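Structure assessment
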Amino acid sequence: MQSVYAGDFTGDGHIDLAVGVFTPGTTNSEGLAIFLNNGNGTFHLGEQKASVLPFGTADFNRDGKLDLAVGNYGGFGGEFLQSLSILYGAGDGSFTRSGPAYPITFGSFPTVDVTIADFNEDGYPDLAVANYSNLLNILLTQPDGSFKLAPSPAATDGGASIITGDFNHDGHVDVALVATEEESQIDVLFGRGDGTFEYRTIYGTDGAWGFGPGGLSTADLNRDGFLDLVSVNQTGTVSVLYGKAGGTFNAEVSTGPGWMGSDATVAADFNNDGIPDVAVLYSTNDFKGNSTVSVYQATSSGHFKPLGVHYTTGTTGQALAAGDLNGDGKIDLLVGGDNSNGVPAFSVLLGNGNGTFQTARILSSQVCGMRGLEVLLADVDNDHNLDLVNGNGVSFGNGDGTFGACVPFFPSGQDYFGENRLALGDFNNDGKLDLAFVSGPSGNVSVEIHLGDGTGKFNPTPSYFASVPYQSDNLNTFVSVGHFTRNGQLGVVVGAQSVTIPDPGKPGAFQDEDFGALSVFGGNGDGTLSEPVSAYLPQDLLGFAVADFNGDGLDDVAALNSATSGVFSPNGSHSYLSLFTSNGDGSLQPEVNFGAGEMGQFVNSLKSMSVADYNRDGAPDIAGLNLAGVGVLLNSRGVGVSLSASPNPVAAGQKVTLRATVSAGFAFSGSLSEGAEVTFFDGSTKLGSADLFSGVATLTVSSLSAGTHTLTATYLGNSGYESRRSGPVKEVVSQ
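Anyway, here's the lowdown on the structure attached to this text. These numbers were taken from a predicted model, which means no experiment stands behind them.

**A short note on the nonpolar core**
Formed by 23 residues in total, the largest nonpolar core has its most connected members in Leu643, Val656, Leu658, Val678, Phe680 and Tyr715. Broken down by secondary-structure element, the contributors of at least two residues to this core are β52 (640-646), β54 (656-663), β55 (677-682), β57 (696-701), β58 (707-715) and β60 (729-734). Of all the elements, β54 adds the most residues to this core, at four residues. If you look at the next biggest cluster of nonpolar residues, it comprises 22 residues, including Phe427, Val445, Ile449 and Val479.

This is how it looks when you write it as structure tokens:
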């Protein structure tokens, strides 16, 4: 279980976060991490505590400071919650455990969720405990901050997730909970206002499987004045129970495609609105061709509209690519999958140009069958039609959404590539696409370049070959291309999900490591590459994205990583986006790690991330997969600028002090202040400039005339950080 709760833990007016995260250890233990708000939308890590899980925040002792209710792990090998404690807030972001721990196992039944509400209406927040004991246990808060178990617990059918709400509009807090995962039902119990509840009402769902915090939610979805219930189901669907008068609910309505997991993503402007969208491929693991593809249409703010149609692909769904396959100016989709069970290898969904697609068309069995987990679209024979490229060779595009028979890469036709990963680029500047591949999935990790002749054939003798200083531990390898050096030549970045490295105590031997690695090769422009520069990641590599993230004209590498191999890294098992910026000589700056939620976890894909400017601010952002969806990490190119004006309002001729605060979002090398200044504007009129010192620049003016002025501040940037303008501030000046 993982959870997140928001509250102002420091009293500074900014919302902080209490997050349940996996922690290091030999069992699936979790811990608490406090993330304190910097005031600009970014956070820094505060206090951490092991072997506890946060369940909510409230002022339990009425001292005006938020406290945390946490579950404590113990027993059953340390994997289950055994007791509940209150961590009392000090008002500075720190918390202290005080008082006893309250047993919440209730026999041999472990607790999986807790919710907070005033169940006996005495003004103190109480706790409702969900577990498998078939009883709803309420811990009533006493005036001294202690807890007392309420008498006569109500009967339930177990409890895997719990929420509260006034479902019958009688002014008392009610409870809804998901029964044990196997029972596919939700229990609703009406509160009496004294800490006790009436007999439960049972509603069926399509396999409700909510487990722990967030497994069940409530909101008035249809705006009829009654709370509705939403549960996540083990079928991959979402069940909605619409509330009615009297606290009853309609029969459940299931939504969603019923997928088992997301497998690939690709970014393109599918609806021709100038904003890149994201297509996501979902597999069903039934090997019957029931995979689906959906398009998340982006808005200019970087958010996505609700999902529309889920298109059946006719394949098992392992690989996805986008491009104009029939020359009509609209983006189409190519979907590939495992054809070993008689299921077609590829299908094409022709785009309509408005974000929708035609019914999937199965491609001829003569095209190159799937090899590995990837497929590329590129014009390898220079006829202006996109061709299908994968580990088996090339199927040349006909320009009408169909492809020709498979042609091996090399004239001899030997099965050369096996499970190696591919990338295409012009490495010798002759205007013809060449082939780069990295070996895999086990043993030595090597890189080869094979020069293309512009007809779809490649020289079987590599123009370049090199190995990296680690081996792949029988998991995925990755390859991509980019301009990492200031000579402007195309280079390569390769990586391995989990590696073995040379054992310093045993010459010639390798030792297993539970983390991934990547290596950058600068290009020389003649079909060869420079010596690699390697970096090791905090956790297993799940994929990388290549783009100029900091706007310095050089491509950088954003590596998605998580502890996927079952062993916990020192940094926990949540996903990181480790950003390596290029120095221009083929070397890399030390990585900066950003939290990436659950991006990439439980995703079996070589294409778990897509790069595009989703909010049209000029900086490349990253969209990434999680188990059944997509999330976006927006790139501020290192800078956030906020502006304040004081006093406001003022009289004409009175002094106004403008204060610009500049902070690092994506944190790159160097200082924000080095050689940088901030320019202040009244509309388009420049008011003046000031040097940035310790992240702050100030300017005092008295020239504002009567009226309303729109003030902004622009950080001009330096060698390490992009220029950025603040949002507007309205200053009112009276006569």
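After that view of the structure, there is still more to cover.
**Focus: the side chain of Asp381**
Tracing the sequence through the fold places Asp381 in the loop between β31 (376-378) and β32 (387-390). Among buried Asp, Glu, Lys and Arg side chains, Asp381 stands out as unpaired, with Lys457 the closest opposite charge at 11 Å. With sequence-adjacent residues up to four places away left out, Asp381 is seen in contact with Asp387, Phe396, Gly454, Thr455 and Gly456.

**Observations concerning the sheet that holds strand β39 (residues 477-482)**
Pairing is antiparallel in the open sheet, where four strands are placed in the order β39-β40-β43-β44. At either margin of the open sheet sits one strand with a lone partner, and together these are β39 and β44 (533-536). Here the average twist between neighbouring strands, direction ignored, is 15 degrees. Relative to β44, strand β43 (residues 517-521) runs antiparallel, the two sharing four bridges.

**Quick look at the sheet that holds strand β28 (residues 332-336)**
What the four strands build is an open sheet, ordered β27-β28-β29-β30; its pairing is antiparallel. The open sheet has two edge strands, β27 (319-323) and β30 (361-362), and neither has a second partner.

**So, the pairing of strand β34 (residues 403-407)**
Remark: a regular strand shows side chains that alternate across the two faces of the sheet. As paired elements, strand β33 (residues 393-397) and β34 share three bridges and run antiparallel to each other. Bridging from a neighbouring strand, Val394 pairs with Val407 of β34. Here β33 folds back onto β34, and the loop between the two strands holds five residues, one of which, Gly399, carries a positive phi near 85 degrees.

**Some details on the environment of Leu529**
For Leu529, the position within the fold is in the loop between β43 and β44. Expressed as a C-alpha distance, the spacing of Leu529 and Val447, which sit 82 residues apart in the sequence, is 9.7 Å. Beyond its immediate chain neighbours, meaning those up to four positions away, Leu529 contacts Phe427, Val447, Ile449, Tyr464, Leu490, Gly491, Val492, Phe521, Gly522, Gly523 and Asn524.

**Observations concerning the packing of aromatic side chains**
Aromatic rings considered in pairs are described by the distance between their centres and by the relative angle of their planes. The final tally for this structure, using the stated rule, is ten aromatic pairs. Judged by centre distance (5.6 Å) and plane angle (80 degrees), the rings of Tyr311 and Phe357 are edge-to-face. Here Phe357 lies in the loop between β29 (346-349) and β30 and Tyr311 lies in strand β26 (residues 311-312), a separation of 46 residues in the sequence. The pair Tyr311 / Phe357 is uniform in exposure class, with both members buried.

**Re unusual backbone geometry**
Between Ser646 and the following residue, Pro647, the backbone shows a cis peptide bond with an omega angle of -5 degrees. Relative to the helices and strands, Pro647 is located in the loop between β52 and β53 (650-651). Here the amide bond leading from Asn648 into Pro649 is cis, since omega sits at 5 degrees, within 30 degrees of zero. Along the chain, Pro649 turns up in the loop between β52 and β53.

Calculation criteria
Residues numbered from 1 in each chain as written. Predicted model: local features only at pLDDT ≥ 70, side-chain atom pairs only at ≥ 80, totals over all residues. Heavy atoms only, no water. Core = buried A, V, L, I, M, F, W, Y, C linked by side-chain atoms within 4.5 Å. Buried < 20%, exposed > 50% of the residue type's maximum accessible area, 1.4 Å probe, protein only. Helix = DSSP H or I, 4+ residues; strand = E, 2+ residues; numbered from the N terminus. Lys, Arg positive; Asp, Glu negative; His and termini not counted. Salt bridge = Lys/Arg side-chain N within 4 Å of Asp/Glu carboxyl O. Contact = heavy atoms within 4.5 Å. Pairing = 2+ DSSP bridges. Axes fitted to C-alpha atoms, helices over the stretch in contact; angles between N-to-C directions. Phe/Tyr/Trp six-rings, centres within 6.5 Å; stacked < 30°, edge-to-face > 60°.

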